[in-house]
Each structure stands twice: as structure tokens, then as C-alpha cells.
Amino acid sequence: MSFTDRAQIHVQAGRGGNGCLSFRREAHSPKGGPDGGNGGRGGDVVLVADEQMIDLTQFRHAVHHKATVGGDGEGRNKHGRNGGDLEVSVPPGTRVFRDDEEIAVLGAVGDRVSVARGGGGGVGNRAFRSSTQRAPRITVPGEDGEGTWLVLEMRLPVDVAIVGMPNSGKTSLLNAVTGASATVAPYPHTTKEPALGPLDDGFGEPHLVADLPGLAADGSERNGAALGQLERAKVILHCVDASDPWDADERIALVRAGIAPYAPERAREVIVATKCDLEDPPDGVDFATSAETGEGIPELREALIEWIA
Ligand SMILES: Nc1nc2c(ncn2[C@@H]2O[C@H](COP(=O)(O)OP(=O)(O)OP(=O)(O)O)[C@@H](O)[C@H]2O)c(=O)[nH]1
Ligand SMILES: [Mg+2]
């Protein structure tokens, strides 16, 4: 399973229609009064949380989103049509940022937020008629619609998050626990974006397990968006490579510090030694596992299902 949890889009609301300059021209009244109608309002761009949307993948290609312009006013005092609002479906859990500032969260199915306002309609010359101005030649053009770049970010309903140093066996553990087939390789930073697998408890919907490759080898952050997916985690699986000669307590402390800004306080942290077929696990770990031999995996799965049920 792969997914896109971040996208940049441009939204453009519709321009308002122009006001019309027109005078009545009829056979029996050659000098008729002003009858230019007003322009219609431009359409807004509205984001709507839609349960059919799983992630933000479709915005890789659909970058520009434009609402309809308002119709121009016409003679005989006809007003222009209002432009239709453009509804853009986003997955529930989408956050919306403009200039790095969060402007909206669409948490639940059906939530809607207008992100670009359509321009007001212009004014036709009929509106300027008065006792002193019998034949006004004044009109007001429609206003521009708002246009802006937005960043969308999505928080997945991740129940179990796997963290740890680069190359510590996170993806192998994800694959072993969930049967996913994410890429594993013998060097750091193989996984650039979160990888997902389902954990099926035998009842209802499977729970999501995510491998969150967010840290550099010194424990500093290298992918904040990936670590952001920790937000909804109930359990954090903290991988410690048993075959790594570097002191395990030091590595654990670095990873903890690296994820601290993102890890929810209520989440349960579980220390999982990986690669235990190569070396004995460090002291004090909660689980000793090997993705190679399957050691410790059934026990870990069972415990996970119990914790997140
Ligand atoms: N012997 C043995 N090797 C393992 C085990 N788990 C992972 N490895 C190896 O360790 C290397 C790294 O494993 P990954 O699962 O890619 O580790 P990762 O933490 O996802 O790595 P990055 O995504 O690059 O940060 C690979 O060569 C794996 O084959 C294990 O249980 N036993
Ligand atoms: Mg990986």
C-alpha cells in the first residue's frame, strides 16, 4: 500500500460578471432609459470531505481547480448568472494550509470550507439612473475571484506506528506483522515515505500499521510529514536493531527525542528488538523479534490486537 499524504493545489474562484451599458431602443421610444443589468457573482471553490477519498494521490495530477465565472449583465435589465461553486472532494482528515498557516481542518465526512471567494458581480448602468442622471454611462466591472496556492495534508487513521533509526528493520517488521510487501534493502533511508499495512483482528475493519521513516541516523528529523502521521497512533513500535554495535540505550534516547514533538502522550510505546537472529536482544526490551525467522512476531501481533481493539 502506498499513498500520498501531502499535495499542493491552486484554487481559483470565478471572476464576477461585468455590469452592462445599455439603453432601451424601441421603435416607439428612441431615447429609452438605461437598461444595463448587473453581472453575476463568481463561483467559490469549496473543499468537501468525501468518504470515497482515501488519500491525496489524485492531486498529483489535478493541481488547478477553477470555479465558474459570473455571467455579464445584459440589456433589457437582464442580470448575469451567478457562477457555480466548484466543489473539490478531499479525504476526511485533510488539513489545509495557506502560507504555512493552517486555515482549516476537514475532520468528518461532509465537512465543507470555502477556500477561495468568488468575485462580486459588476453593476449595470440601469442602477445609476436617478432624477439628475437620466442617461448614465457608468458601469462597474466584475471583481476578480480569489486565487491562492494551498497545501493539503492528511492524517491517516494509523493505529500502530513503527519508528526507529534508519536501517533498523522497520519495514521488515511492518511486512512481517501485516503481510505487506514494502521494499526492504540493506542501507539506510530505503523507505522515503510512510508505508502501510493492515492488521486484521478478525472483527470488522483492519487497523492500519505504518512504517514512519522520519529520522536521520543522529535522531534528527528528516521527514516531518511522515512523523506527523504519529498523531493518531495508539501504539508506537520503537525498533532497536539487535545487531547494531552502538549502545542501545543511546539509540533509544535519540529516537525518543526525535519523535517527541509528534508522539501523542497517550500512545503506548513498545520497544521491539529486531534482527534477533543475528544477535541477542539488548536488555530490557519488550519484544525480541526476527523478521527473518519469524521469532516473536505472533506474540507481537497478538499483543497489538489486544491493545488497539
Ligand atoms: N538477519 C536479519 N536481517 C534483517 C531483519 N530485519 C531486517 N533485516 C535487514 O536489515 C536491513 C534493513 O531492513 P529494513 O526493513 O529495510 O529497515 P528500515 O528500518 O525499514 O530501513 P530504512 O527504510 O532504510 O530506514 C535489510 O537488509 C533487511 O534485510 C531480521 O530480522 N533479520
Ligand atoms: Mg524502510
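Residues numbered from 1 in each chain as written. Chains lettered and ligands numbered in written order. Predicted model: local features only at pLDDT ≥ 70, side-chain atom pairs only at ≥ 80, totals over all residues.

Colleague: When you look at the overall build of the protein chain in this model, what are you seeing that I'm missing?
Modeller: Summing up its helical and strand segments, the protein chain has four helices and 14 strands in all. Expected size for 309 residues packed as a compact globule is a radius of gyration near 19 Å; at 29 Å, the protein chain overshoots this value by more than 25%. Burial analysis of the protein chain (309 residues in total) assigns 43% to the buried set. A separation of at least 24 residues holds for 70% of the contacts in the protein chain among residues at least 6 apart in sequence. (Helix = DSSP H or I, 4+ residues; strand = E, 2+ residues; numbered from the N terminus. Rg over C-alpha atoms; globule rule 2.2 N^0.38 Å. Buried ≥ 20, exposed ≤ 12 C-beta atoms within 10 Å, placed from the backbone. Contact = placed C-beta atoms within 7 Å.)

Colleague: Looking at this structure, how should I read the environment of T289?
Modeller: By the secondary structure assignment, T289 is in the loop between strand 14 (287–288) and helix 4 (297–308). By C-beta crowding, T289 is classed as buried, having 29 other C-beta atoms within 10 Å. In this structure T289 touches L173, V272, A273, T274, C276, E295, G296, I297 and L300, once residues within four positions along its chain are discounted.

Colleague: Whenever I open this one, the sheet that holds strand 6 (residues 101–106) confuses me. Can you help?
Modeller: Working definition: the strands of a sheet are paired by backbone hydrogen bonds and lie parallel or antiparallel to each other. Overall, mixed pairing links the five strands, which are arranged 3-1-8-5-6 in an open sheet. The sheet is open, and its two edges are formed by strand 3 (64–66) and strand 6, each paired on a single side. If you compare each strand with its neighbour and ignore which way they point, the axes differ by 30° on average. Pairing between strand 1 (residues 6–12) and strand 8 (residues 147–154): seven bridges, direction antiparallel. Each bridged residue has a counterpart across the sheet, and for H10 the counterpart in strand 8 is W149. (Pairing = 2+ DSSP bridges. Axes fitted to C-alpha atoms, helices over the stretch in contact; angles between N-to-C directions.)

Colleague: Help me understand the site of ligand 1, please; the structure alone is not making it clear to me.
Modeller: Close contacts around ligand 1 come from 23 residues, with T171, S172, P186, T190 and T191 the closest. In terms of residue count, helix 1 (residues 170–178) provides more of the shell around ligand 1 than any other element does, three residues in total. Of the residues assigned to the shell around ligand 1, the class counts are eight nonpolar, eleven polar and four charged. (Near = placed C-beta within 6 Å. Nonpolar A, V, L, I, M, F, W, Y, C, P; charged D, E, K, R; others polar.)

Colleague: Could you clarify how one ought to interpret the nonpolar core in this entry?
Modeller: Nonpolar side chains in soluble globular proteins tend to be buried together. In terms of nonpolar packing, the biggest core is built from 58 residues, with A161, I162, L173 and A210 touching the most fellow members. Among the elements that take part in this core, strand 9 (residues 158–164) stands out by supplying five residues, more than any other. Two domains each provide a minimum of three residues to this core, namely domain 1 (1–154) and domain 2 (158–308). Beyond its immediate stretch of four places on either side in the chain, L173 contacts I162, L237, C239, V272, T274, T289 and A291. (Core = buried A, V, L, I, M, F, W, Y, C linked by C-beta atoms within 7 Å. Domains from an automatic or database assignment.)

Colleague: Hey, could you run me through the domain arrangement of the protein chain in this one?
Modeller: It is common to give the size of an interface as the accessible area lost on bringing the parts into contact. Parsing the protein chain into structural domains produces domain 1 (1–154) and domain 2 (158–308). Computed from C-alpha coordinates alone, the two centres of domain 1 and domain 2 are separated by 47 Å.

Colleague: How do you make sense of the sheet that holds strand 2 (residues 45–49) when you look at a structure like this?
Modeller: Across the sheet, which stays open at both edges, the three strands sit in the order 4-2-7 with mixed pairing between neighbours. For this open sheet the edge positions go to strand 4 (86–90) and strand 7 (112–116), each flanked by a neighbour on one side alone. Strand-to-strand twist of the sheet, defined as the mean angle between neighbouring strand axes without regard to direction, takes the value 30°. Where strand 2 meets strand 4, five bridges bridge the pair, whose relative direction is parallel. The residue bridging V46 from the neighbouring strand is E87, located in strand 4.

Colleague: Looking at this model, I keep getting lost on the environment of A13. Mind explaining?
Modeller: With respect to the helices, strands and loops of the structure, A13 is situated in the loop between strand 1 and strand 2. Here A13 is in contact with G42, G43, D44, V45, A67, A116, R117, G118, G119, G145, E146 and G147, once residues within four sequence places are set aside.

Colleague: Explain unusual backbone geometry to me, please; I cannot follow it from the model alone.
Modeller: A negative phi holds for most residues other than glycine; trans holds for most peptide bonds. With a phi angle near 65°, D100 is a residue other than glycine that sits in the positive phi range. The topology assignment puts D100 in the loop between strand 5 (94–98) and strand 6. Phi at H189 is positive, roughly 65°, even though this residue is not glycine. Assessed through the 14 C-beta atoms surrounding it within 10 Å, H189 is described here as partly exposed.

Colleague: Is there a simple way to explain the pairing of strand 8 in this structure?
Modeller: Here is the key point about a regular strand: its side chains alternate between the two faces of the sheet. Sheet analysis places strand 5 next to strand 8, joined by four bridges and oriented antiparallel. Paired with F97 across the bridge in strand 8 is V151.

Colleague: Quick question: what am I supposed to make of helix 1 here?
Modeller: Along an α-helix, residues three or four positions apart point the same way, because every turn accommodates 3.6 residues. A large share of helix 1 lies buried, amounting to eight of its nine residues. Every buried residue of helix 1 is accounted for by K170, T171, S172, L173, L174, A176, V177 and T178. Lining the buried residues of helix 1 we find strand 9, strand 10 (195–199), strand 11 (207–211), strand 12 (235–241), strand 13 (268–274) and helix 4. Positioned one or two residues after helix 1, G179 has a phi angle of 80°, which is positive.

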